[in-house]
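Given next are the chains, with one letter for each unit.
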Amino acid sequence: MRNKIYLISLFTAFLFGSCVKNLDINPEQNIDASVALENAEDIRSALIGTYAILHGGALYGTNLNLVPELMGSEDYCQWRGTFQSFRQIMNKGMYVDNAEASRTWIAAYRAINVSNNIIANLNKVEDEDLRKEFEGEAKFLRGAMYFELIRLYAKPWDNTGTNDGAGVPLILTASNDETTASVKKGRDNINAVYTQILNDLKDAEKNLPESFDGSERFRATTYTAKAFLVRVYLQQSKFAEALALANEIIESKVFRLNPAIAATFSNKFTNETIMELYNNDQNNAGESNDGLTTFYASLSGIGRSDIRILAPFTDKYEATDERLTELTYEGVGRRSGSTQCGKWKAYGQKYSCN
Amino acid sequence: MKKGFTCILFLLFFHLGYSQGLKVLGTIKDDVGIPLPGVSVLVKNTIQGTVTNNDGNFVIEVPNTNSVLVISYIGYAQQEISVGNQNNFDIVLKESNTQLNEVVVVGFGTAYRKDMTGSVSKLGAKEFELQPVQSFENAMQGRSAGVFMNSGSGKLGQGLNIRVRGISSVSAGNQPLFVIDGVPVISDALGSGDEPDNPLATIAPEDIESIEVLKDAAASSIYGARASNGVVIVTTKSSKGGKTKVEFGYYGGFSSPTRKREWLNAAEYRELFNYAAKHSDYGELVGSEEFASETGSSDWEKNYDTKWADQAFQNGGVNNAHLSLSGGDSKTSFLLSGSFNNQKGIIIGNSMDRKNIRLNLDHKINKKLKFGTNLSLVRSLNKRVPSDNAFSNPLQLNALPPIQPVRDSATGLLNRNTLYYNNLADVENGNNDALTYRSISSIYGQWDIMDRLSFRSEYGIDWLNLQEEQYLGKLTEDGGPSGYSFSNQVTSLNQNVNNYFTYQQKVNNDLELNATLGMQFNSGETNSTSATGRGFANDRFKKIASSAKITAASSSGTGYAFTSYFARANTKFMDKFLFGISGRVDGSSRFGKDKRWGFFPAVSAGYILSNESFLKENKTINFLKIRGSYGRTGNAEIGNFASRTLWGSEFVGDLAGTVPTQLGVSNLTWENTDQLDLGVEFGLFNDRLSATFDYFEKKTKDLLLDLPIPSANGYTFITKNLGNLSNKGIELTVTSQNLVGKFKWSTTFNISTYKNKITNLNGSTIDGGSRQLGRISEGKPFGYFYGAKYAGVNPDNGNAQYFGIDGKKYDQEDFLSLPDSMQNQVVGDPNPDFFGGMNNHFSYKGVALDIQLQFIYGNDLYNTAGFFQSVNGDYFDNQSKDQLAYWRKPGDVTDIPEPRLYSGNGSMKSSRWVQDGSYLRVKAVTLSYTIPRNWVSSNLKMENLMVYMSAQNLFTFTKYNGYDPEVSTYFGGVNLGHDFYTPPQAKIITFGVNATF
């Protein structure tokens, strides 16, 4: 009997003690943040991931193109879709809960945070040249985002003023846990933000390579940094600096104009584009509720013609001007009959941002 | 340490002793002489027991002549029989609807209701077996106290809302845990649709013996971290041996919508819109011109008068056949069953086709060892209907103008120049099929180590393969211009191991002990692969192999695991004092690494006053018990990896990169619910009248909340255990045998309430969306309606008016210029004041009539589509008939503002479309006739033959003017009681026959 008791107890102990280790189950589509940035390859992935954020509808995929257009849409184009958020932007009467305002802000800062995380982990890159390059690229991305943010969320640069009005919060350290992600920081002044943008873009200009090949051609080069710097200088009315740097890009002979104007928008990586984020059939900014083609096109089964081009704008062109004949067309899909912008005609198409 | 502890506990339970057998046989029959299979025969105060076989026979070994046999069977009065010197018994059981003597499955064991200290609802197969229920959970509606059910919509295969004792969570799951034959099963939607599908619809209701709902902590804490929303335990039928019995059942019938709605006809439509155009804020417009410019058609000029709303419906029907064989010998018993069920929905294109087979087998190796298996396999094909909120939803056809034709009269093709998409194209030119293969199967071994101690080990799986195939042709809105095909394969495997000891002993005359100790390991994994193709040669090619372009493809996987240890002990002192204690330790992969293990204890006590000497002789009260319990349960439906900080992939062109996707906290864990339950159970006049009353208070803390954080740091929120909420309520079930004798009449009535209140949300509110009124905020019930309060029409000018929070009426324009804080207020509550059901059962000889009522009172509904369909002709959507009573001239008193095309008079989101959703429904009526046994056996060589007719949702009494008051459009968790073009429930009439050979 005693043996039997002993046996049963042993059996019980075996049964009951054996399953604890099975509780370690890891996600399959995600990895833990603690192992996300361990070496040069990880850092490169995170850089590409940052471009992926830029590629989304909240940034260059839609809003960083469309929102500025709608802000200056008088006698030029009209939003007539159902989205109230874009209508408010066009009417310059935005409510606090404007969905575009919040999603662009969130995505830009998300990209900035990835850049900050990359910068904080550059010591994981052993090759010094590569480390410099990565640093330049992360700073380019951060600088570019701050430049987009400061133009959309603060008063414009005042050439003659002190520019000490409220800009946007400058976050330059990585956040990756509850403590760092909960820090509340107020808006830095406009001047400080522009200084940071210039520092980041100049570091980028210095460290970025001359070119990328193949499917990586969307990545920023030293010329991309220069081109962004030109835009910053123009915004600051520093025309001499802008002119000099723009001339440097032209004189490099790396870029030249395309013979056909529409090719810049419809063909991938032409010689005319300095920076280009491209779509394909699987990865694009959207086919039904987001994406430039969705909003601009009116073709059979493509686009919803939410934006039309107005006559006062098209009237400015001579009848044979290619900018009229190649970049506008009469819609044949949804809301057919009105004048459409001809830059975005296919979901899988790329778009440039510079 | 844990192992040592286990051994000590185990030894404590151990008692030595051998039994000297004495064999007793018997036959158990009902009062008309039909042998009763499956009757439980137990030697009192031991776990020694058996059940009668198909012939009503049993054989049992008892320790000695002093032994007492306890005979119990669902629906019959329990009997105790002293063995004495007799060894062959003829026992007659008397029918009784009282719940007090029933045996209740409680999770890792069973208990007698009268000795229980927890709160459990039980539903036996008898109560729903003649009902054509769409999915077995439907049977609980109006029958199980404390269980609130809303089928959501009349679509077949659609997910149901089941809430046990209120709403216990804001963002984690709210559905109860479903356990079938010991295996926690997949009950959450697996499909890719916007609206959840219902994996439980694959289970054949005919296979189910009983459905128990564990409600309070004493009953449910044995399921620990997964029990806060209640636990539904489903037990499938099994055979008790005996000669082979063949049962065959068939029913067939037809279905129609519970209600159709009235819309404007062509003449009324033109009249309304002529008026509306003329009085538009944009000047004096002409209806016909505006209509032409909006639709590009000249239909205004023509003579069509189309009832578009009717196009959404079809005559539904159901066919169901079921065959089972059961029997066995003294060592082996089996039940082999198969069924098919074919349902044609009331919405065009909607159907569900199900085929099930099952084998339940038990075998005794010797006196001490037995094993068995439950094997089942299902194939179900659900042809699904688009989401309510899709232009392709057939119900949205009611928005189309009656002056437009369905088809082009010249070509016979569907009219494509309609105001909105003529979605009949989706049915004619597309399909959306969800094919499911599923097996919920288990094996067990049981070792009766000694008289009082047994050990049971179970291994079970729930394997589910879902194949979704959708094709939308060239002419459909979403499939144009070249065709669209979507394919999705989901495989989910849930594995479960239960090992537990059961110990039962009567220590002496004053003390009985009952204990369970065990462990459970449960894991689930789900993998899916999908692809989307566009560009087809023509609509005869539908598979993605024929598409020119793959526009999306994906594969993904996820999983979870639980390891748990549980113990339960119940004692009974002096036949009147009951004490129970239970606890479970749960560890899960879902819980953050700093808080991986949780402990969920419960204590309970009961006092059977009727066993006290002062009540023992009482002629009126034959049973009286008070009981109470307090304990903790958890809610682990927090997502598989919510506690982690994660990175994932995002893409740019042809390259993939990595990005942070989620910020976690490592102590993120289950939500905790502490529940108090106080109950009274009594039986009067020898159980002619019996009742159970419960009061409960559930306090949930550590609610999962998305705490907003400054987005400038790269994240918008962090999920933490922060909030609190509470639910309080009562449940009452009364059963009465009104007439006994030859003509029998019994009534069962149940009523339940729950009062939900969010007590802490860290100051935040959760809003339902721009068109919805649902809201969650502190101090208010879950999902209360919040928005503008409609005040009718200003009789002077026909303007819509709204109440400011100062109680004054404002014309719409003035109202809109008030500050936000003046505009919005509480305008309703989708939670009911009470709900329940009543069953009346009449029988005379072989004829039986069963009428089940179901009711819900005091809940509000919001017709979210009112903004389109009952808005005094603001746009060209066809309008509900009531809109004709619009304001025409100063002095008119009406609730319908003046029609002004495009002008939004009375069109804003408001209480204008909030209505009382109370209803009383004749849920189920069954009239059956059992053909006299003697005649059947001598003329047809059958054992039993019954014919019946049955109806579901026969009549509905409600003030709600939408399609059906039992509605819940799927808009995400916040928005309860919303109706947005949701199909009504089906009224089903069936005729059936059941035969036993």
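Quick caveat: nothing in here was measured; it's all calculated off a predicted structure. (Residues numbered from 1 in each chain as written. Chains lettered and ligands numbered in written order. Predicted model: local features only at pLDDT ≥ 70, side-chain atom pairs only at ≥ 80, totals over all residues. Heavy atoms only, no water.)

A. The arrangement of the overall build of chain B in detail. Helices and strands together make up the secondary structure of chain B, namely 10 helices and 50 strands. Computed over the C-alpha atoms, the radius of gyration of chain B is 31 Å, within 12% of the 30 Å expected from 2.2 N^0.38 for a compact globule of 997 residues. With respect to the three principal axes, the spread of C-alpha positions in chain B is 100 × 75 × 65 Å. Residues counted as buried form 60% of the 997 residues belonging to chain B. (Helix = DSSP H or I, 4+ residues; strand = E, 2+ residues; numbered from the N terminus. Rg over C-alpha atoms; globule rule 2.2 N^0.38 Å. Buried < 20%, exposed > 50% of the residue type's maximum accessible area, 1.4 Å probe, protein only.)

B. Seen up close, the overall build of chain A. Helices and strands together make up the secondary structure of chain A, namely 14 helices and seven strands. Projected onto its principal axes, the C-alpha coordinates of chain A cover approximately 105 × 45 × 40 Å. The proportion of buried residues among the 354 residues of chain A is 51%. Here the analysis covers contacts within chain A between residues at least 6 apart in sequence; of these, 66% occur between residues at least 24 apart. For chain A, the computed accessible surface area is about 16,400 Å², with 51% contributed by carbon and sulfur atoms. Side chains of chain A give 38 positive and 45 negative charges; the mean places of these two sets differ by 5 Å. (Contact = heavy atoms within 4.5 Å. Areas by Shrake-Rupley, 256 points an atom, 1.4 Å probe, with all protein chains shown as cover. Lys, Arg positive; Asp, Glu negative; His and termini not counted. Charge placed at Lys NZ, Arg CZ, Asp CG, Glu CD.)

C. Just helix α10 (residues 239–251) of chain A, in detail. Residue and element names in this part refer to chain A. Here α10 contains 13 residues, and its C-alpha end-to-end distance of 18 Å stays within 8% of the 18 Å for a straight helix at 1.5 Å per residue. Along α10, the positions that sit buried rather than exposed are Ala 242, Leu 245 and Ile 249. Here the buried residues of α10 occupy an arc of 80° about the axis, which is enough to place them on one side. Every exposed residue of α10 that faces more than 90 degrees away from the buried side is listed here: Phe 239, Ala 240, Leu 243 and Ile 250. For α10, the elements touching its buried residues are α8 (190–207) and α9 (222–235). (Expected span 1.5 Å × (residues − 1). Arc of directions from axis to C-beta.)

D. Focus on a nonpolar patch on the surface. Residues and elements named next belong to chain B. Side chains of Phe 254, Val 847, Leu 927, Tyr 929, Val 947, Met 949 and Phe 991 sit close together on the surface and give an oily, nonpolar patch of about 600 Å² of accessible area. Of all elements in the fold, only β47 (919–930) and β48 (944–958) reach the threshold of two or more residues within the nonpolar patch. Take Phe 254: it is sitting in strand β17 (residues 242–257). (Patch = residues over 30% accessible without salt bridge, like charges linked within 9 Å, V, L, I, M, F, W, Y side chains within 5 Å. Salt bridge = Lys/Arg side-chain N within 4 Å of Asp/Glu carboxyl O.)

E. Structural context of unusual backbone geometry. Residues and elements named next belong to chain B. For the peptide bond that leads from Gly 480 to Pro 481, omega is 0°, which places it in the cis range. Position of Pro 481 relative to the elements: it lies in the loop between β23 (453–472) and β24 (484–508). A positive phi angle, close to 50°, is found at Met 574, a residue other than glycine. Phi is positive for Asp 702, which is not a glycine, with a value near 60°. As for its placement among the helices and strands, Asp 702 is situated in strand β33 (residues 689–708).

F. The pairing of strand β21 (residues 369–383) of chain B, seen in detail. All names here are of chain B. Note that strand β20 (residues 351–364) and β21 share 14 bridges and pair antiparallel. Paired with Arg 354 across the strands is Ser 380, a residue of β21. Hairpin connection from β20 to β21: four residues lie between these consecutive antiparallel strands. Where β21 lies against strand β22 (residues 430–447), 12 bridges are found, and the strand directions are antiparallel. Across the sheet, residue Asn 374 finds its bridge partner in β22, namely Ser 442. (Pairing = 2+ DSSP bridges.)

G. View of the packing of aromatic side chains. Residues and elements named next belong to chain A. One pass over the full model with this rule turns up 62 aromatic pairs over all chains. Here Tyr 76 and Phe 313 contribute two aromatic rings whose centre-to-centre distance is 4.8 Å and whose plane-to-plane angle is 55°, an arrangement assigned as tilted. With Tyr 76 in the loop between α3 (63–71) and β2 (77–79) and Phe 313 in helix α13 (residues 311–314), the pair connects residues that are 237 residues apart, well separated along the chain. Residue Phe 313 is classed as partly exposed on the basis of its relative accessible area of 23%. (Phe/Tyr/Trp six-rings, centres within 6.5 Å; stacked < 30°, edge-to-face > 60°.)

H. Structural view of α9 of chain A. Residue and element names in this part refer to chain A. The end-to-end C-alpha separation of α9 is 20 Å, in line with the 20 Å expected for 14 residues at 1.5 Å each. Residues Thr 222, Tyr 223, Thr 224, Ala 225, Lys 226, Ala 227, Phe 228, Leu 229, Val 230, Val 232 and Tyr 233 constitute the buried set of α9. On its buried side, α9 packs onto α6 (128–153), α8 and α10. Taken from the residues just after α9, Ser 237 is the one with a positive phi, measuring 60°.

I. View of the side chain of Asn 429 of chain B. All names here are of chain B. By the element assignment, Asn 429 lies in the loop between α5 (424–428) and β22. Here Asp 539 takes part through its side chain, which lies 2.9 Å from a polar atom of the side chain of Asn 429. With residues near it in sequence (within four places) discarded, Asn 429 still touches Tyr 471, Leu 472, Gly 473, Lys 474, Leu 475, Thr 476 and Asp 539. (Polar contact = N/O pair within 3.5 Å; in protein donor to acceptor, adjacent residues only side chain to side chain.)

J. Region of the structure containing the interface of chain A and chain B. Each side of the interface is counted separately: chain A has 68 residues, and chain B has 69 residues. Regarding the contact of chain A and chain B, the summed buried area is about 5,800 Å², with carbon and sulfur atoms giving 64% of it. Taken together, the links from chain A to chain B amount to four salt bridges. Inspection of the chain A/chain B interface yields 20 residue pairs in polar contact (both at pLDDT 80 or more). (Buried area = accessible area lost by both parts, 1.4 Å probe.)

K. Geometry of the confidence of the model for chain B. Considering every residue of chain B, the mean pLDDT works out to 90; 97% of them sit at 70 or more. With pLDDT under 50 throughout, residues 1–19 of chain B is counted as low confidence; its partners more than four residues away or in other chains account for 32 contacts. (pLDDT = per-residue confidence, 0-100.)

L. Main features of the domain arrangement of chain B. Parsing chain B into structural domains produces domain 1 (2–95), domain 2 (115–248) and domain 3 (789–828). When each unit is reduced to the centre of its C-alpha atoms, the spacing between domain 2 of chain B and domain 3 of chain B is 45 Å. (Domains from an automatic or database assignment.)

M. Layout of the sheet that holds strand β16 (residues 231–236) of chain B. All names here are of chain B. Here we have five strands laid out as an open sheet, ordered β10-β15-β16-β13-β14, and mixed in their pairing. Where the open sheet ends on each side, the last strands, each with one partner, are β10 (120–124) and β14 (183–184). Pairing of strand β13 (residues 177–180) with β16, which is carried by four bridges, proceeds in the parallel orientation. Looking at the pairing, Ile 180 lines up with Val 234 of β16.

N. How the structure looks around the side chain of Ser 169 of chain B. All names here are of chain B. Considering the arrangement of structural elements, one finds Ser 169 in the loop between β12 (161–164) and β13. A polar side-chain atom of Ser 169 sits 2.8 Å from a polar atom in the side chain of Glu 671. The residues contacting Ser 169, other than those within four sequence positions of it, are Asn 174, Asn 635, Glu 671, Leu 703, Leu 725 and Phe 782.

O. Representation of the pairing of strand β2 (residues 40–43) of chain B within the structure. Residue and element names in this part refer to chain B. The alternating pattern of β2 places Ser 40 and Leu 42 and Val 41 and Val 43 on opposite faces, both of which are buried. Taken together, the four bridges between β2 and strand β5 (residues 68–73) define a ladder with antiparallel strand orientation. Note that in β5 the partner of Ser 40 across the bridge is Ser 72.

P. Focus on the nonpolar core. In this structure, Leu 54, Tyr 109, Phe 140, Met 145, Tyr 146, Ile 150 and Phe 218 of chain A are the most contacted members of the largest nonpolar core, which totals 68 residues. The set of elements that each furnish at least two residues to this core consists of α2 (40–55), α5 (99–120), α6, α8, α9 and α10 of chain A together with β30 (646–652) and β31 (655–662) of chain B. Tallying contributions element by element places α6 of chain A first for this core, with 10 residues. Ignoring sequence-local partners within four residues, the contact set of Phe 218 of chain A consists of Ile 48, Tyr 51, Phe 269, Met 275, Glu 276, Leu 277 and Tyr 278 of chain A together with Val 652 and Leu 655 of chain B. Among the nonpolar cores identified, the runner-up in size contains 50 residues, and Val 318, Ile 403, Leu 419 and Tyr 948 of chain B belong to it. (Core = buried A, V, L, I, M, F, W, Y, C linked by side-chain atoms within 4.5 Å.)

Q. View of the sheet that holds strand β46 (residues 914–916) of chain B. Residue and element names in this part refer to chain B. If you trace the three strands from one edge of the open sheet to the other, you get β46-β45-β49, paired in mixed fashion. Looking along the sheet, the strands with just one partner apiece sit at the ends: β46 and β49 (978–979). Bridge count between strand β45 (residues 860–863) and β49: two bridges; the pairing is parallel. Note that in β49 the partner of Asn 863 across the bridge is Asp 979.

R. Quick peek at the pattern of salt bridges. Under the definition given, this model contains 59 salt bridges over all chains. Salt-bridge contacts for Arg 596 of chain B lead to Asp 24 of chain A; the nearest nitrogen and oxygen are separated by 2.9 Å. Here the residue Arg 596 of chain B occupies a position in the loop between β27 (577–588) and β28 (597–608), and Asp 24 of chain A occupies one in the loop between α1 (2–16) and β1 (31–32), the pair thus bridging two chains. Relative accessible area serves as the criterion here: at 57%, Asp 24 of chain A is assigned to the exposed category. Here Glu 216 of chain A ties to Arg 44 of chain A by a salt bridge, and the two come within 2.4 Å at their closest N and O atoms. Taken together, the positions of Glu 216 of chain A in the loop between α8 and α9 and Arg 44 of chain A in helix α2 put the pair 172 residues apart, joining distant regions of the chain. Owing to a relative accessible area of 17%, Glu 216 of chain A belongs among the buried residues under this scheme.

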